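Chain residues, written in single-letter form:
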Amino acid sequence: MGTIIGYIVIGLLGGAIAKAIMPGSQGGGWVATMLLGIVGALVGGFLGGALLGVSYTKVFSLEGLIFSVVGALLVLFIYGLVNKRKA
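What you see is a predicted model; the values in this text were computed from it and never measured.

The rules behind the values
Residues numbered from 1 in each chain as written. Predicted model: local features only at pLDDT ≥ 70, side-chain atom pairs only at ≥ 80, totals over all residues. Heavy atoms only, no water. pLDDT = per-residue confidence, 0-100. Helix = DSSP H or I, 4+ residues; strand = E, 2+ residues; numbered from the N terminus. Buried < 20%, exposed > 50% of the residue type's maximum accessible area, 1.4 Å probe, protein only. Contact = heavy atoms within 4.5 Å. Core = buried A, V, L, I, M, F, W, Y, C linked by side-chain atoms within 4.5 Å. Expected span 1.5 Å × (residues − 1). Arc of directions from axis to C-beta. Patch = residues over 30% accessible without salt bridge, like charges linked within 9 Å, V, L, I, M, F, W, Y side chains within 5 Å. Areas by Shrake-Rupley, 256 points an atom, 1.4 Å probe, with all protein chains shown as cover. Salt bridge = Lys/Arg side-chain N within 4 Å of Asp/Glu carboxyl O.

**A word on the confidence of the model for the protein**
Put simply, the protein has an average pLDDT of 75, and 80% of its residues get 70 or more. When pLDDT is averaged over each helix and strand of the protein, the minimum, 76, is found for helix 2 (residues 30–51) and the maximum, 79, for helix 3 (residues 62–86).

Next up, the structure:
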């Protein structure tokens, strides 16, 4: 149970940092930010492990937060591209 809560907290932090870095208004509340961060952590963790060989040994780690933010920024960028095509 503690691990799941840790991932939620890291996801919320990663998503909030990514929304603060990315220009524009992405909308959504804290739940959307948390989901963005969790998806970003999955994407960033996959890319970090596949491309850089990064392994995560702890739930709360600086590497995990960094790759969560990078992954969330990537997700926000792709979401912005998809949203522009619909408009």
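Now that the structure has been shown, the text picks up again.
**Some details on the environment of Ile 8**
By the secondary structure assignment, Ile 8 is in helix 1 (residues 2–21). With a relative accessible area of 32%, Ile 8 lands in the partly exposed category. When the C-alpha positions of Ile 8 and Gly 37 are compared, they lie 8.3 Å apart, and in sequence the two are 29 residues distant. Setting aside its immediate chain neighbours within four residues, Ile 8 contacts Met 34 and Ile 38.

**Topic: the nonpolar core**
Judged by nonpolar contacts, Ala 18, Met 22, Leu 36, Ala 72 and Leu 76 together constitute the single largest core of five residues. Here Ala 72 is in contact with Gly 14, Ala 18, Leu 36 and Gly 40, once residues within four sequence places are set aside.

**Considering helix 2**
With 22 residues, helix 2 extends 30 Å from end C-alpha to end C-alpha; this agrees with the ideal 32 Å at 1.5 Å per step. For helix 2, every residue scored as buried is listed here: Thr 33, Met 34, Leu 36, Gly 37, Gly 40, Gly 44, Gly 45 and Gly 48. The buried residues of helix 2 occupy one face: seen down the axis, they fall within an arc of 165°. Pointing more than 90 degrees away from the buried face of helix 2 are the exposed residues Leu 42, Phe 46 and Ala 50. Looking one or two places after helix 2, you find Gly 53, whose phi comes out positive at around 70°.

**Brief notes about a nonpolar patch on the surface**
Taken together, the side chains of Phe 46, Leu 47, Leu 51, Leu 52, Leu 74, Phe 77, Ile 78, Leu 81 and Val 82 define a hydrophobic patch exposed on the protein surface, amounting to about 890 Å² of accessible area. Contributions of two or more residues to the nonpolar patch are made by helix 2 and helix 3. Of all the elements, helix 3 adds the most residues to the nonpolar patch, at five residues. Relative to the elements of secondary structure, Leu 52 occurs in the loop between helix 2 and helix 3.

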